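Analysis of the macromolecular model
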Amino acid sequence: MRPLTEREIRTAFVNCTKGEAKRLSIPHDLAERPWDDLDFLGWRDPQAPHRAYLATELDGRPTALALRCPTNTPWQTRSSMCSMCLTTHTGGVSLMVAAKAGKAGQQGNSVGAYICSDLACPLYVRGRKDAGIGARLHESLTLEEKILRTVTNVTAFIAKVTA
């Protein structure tokens, strides 16, 4: 993924107003992010722990989603699998909900998916971040195929939001 600027990210949101996009927290360390290892940029809002964001490029254009998610609670000890990267975590997967784009979202319609709570799916797939013993199931797929599967899953989720 090519590095995105703060301005590109703010203008890329498809499921919130321009005013909301202007006010949300963008990471201050964009220049230090491992862009070569990212298929999407995901982050949690430090001022609002129940908010998360995802930005990627689709058809050469930046596209971003605002997500709602629960805050981590100590009782979340059940093992769950991320629907994007298929990493299994104990307490590290959250149901993230995105308001649908346009009129459907204004009417309260939304789409949800179970996603790594830290939104670090690309790093788990590449082995750059460790989710613990047994977190990545043994597969016969190549790394490129695993990356393609993750990109396909993220693209399908964004398509549901924008449909």
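Just above sits the structure.
Being a predicted model, the structure only gives us computed values, none of them experimental.

Focus: the side chain of S117
- Assignment of secondary structure puts S117 in the loop between β7 (110-116) and α4 (121-125).
- For S117, a relative accessible area of 7% gives the class buried.

Structural notes on the packing of aromatic side chains
- Counting across every chain of the model gives two aromatic pairs.
- For the pair F13 and Y53, a centre-to-centre distance of 5.9 Å together with 90° between the ring planes defines the contact as edge-to-face. Within this pair, whereas F13 is found in the loop between α1 (6-11) and α2 (18-23), its partner Y53 is found in strand β2 (residues 48-58), the two being separated by 40 residues in sequence. The pair formed by F13 and Y53 is uniform in burial state, with each residue classed as buried.
- Ring geometry for W43 versus Y53: centroids 5.3 Å apart, planes at 35°, classification tilted. One end of the pair, W43, is in strand β1 (residues 41-45); the other, Y53, is in strand β2, with ten residues separating them in the sequence. Pair check on accessibility: W43 and Y53 agree, each one buried.
- By the ring-pair criterion, three or more aromatic residues cluster together here, those being F13, W43 and Y53.

Some remarks on the pattern of salt bridges
- Using the criterion set out here, one finds eight salt bridges in the structure.
- Here R128 makes a salt bridge to D37, at a shortest N to O gap of 2.9 Å. Placement of R128 in the loop between α4 and α5 (143-162) and of D37 in the loop between α2 and β1 is noted, with a sequence separation of 91 residues between them.
- Its relative accessible area of 56% is what places R128 among the exposed residues.

Rules used throughout
- Residues numbered from 1 in each chain as written.
- Predicted model: local features only at pLDDT ≥ 70, side-chain atom pairs only at ≥ 80, totals over all residues.
- Heavy atoms only, no water.
- Helix = DSSP H or I, 4+ residues; strand = E, 2+ residues; numbered from the N terminus.
- Buried < 20%, exposed > 50% of the residue type's maximum accessible area, 1.4 Å probe, protein only.
- Phe/Tyr/Trp six-rings, centres within 6.5 Å; stacked < 30°, edge-to-face > 60°.
- Salt bridge = Lys/Arg side-chain N within 4 Å of Asp/Glu carboxyl O.

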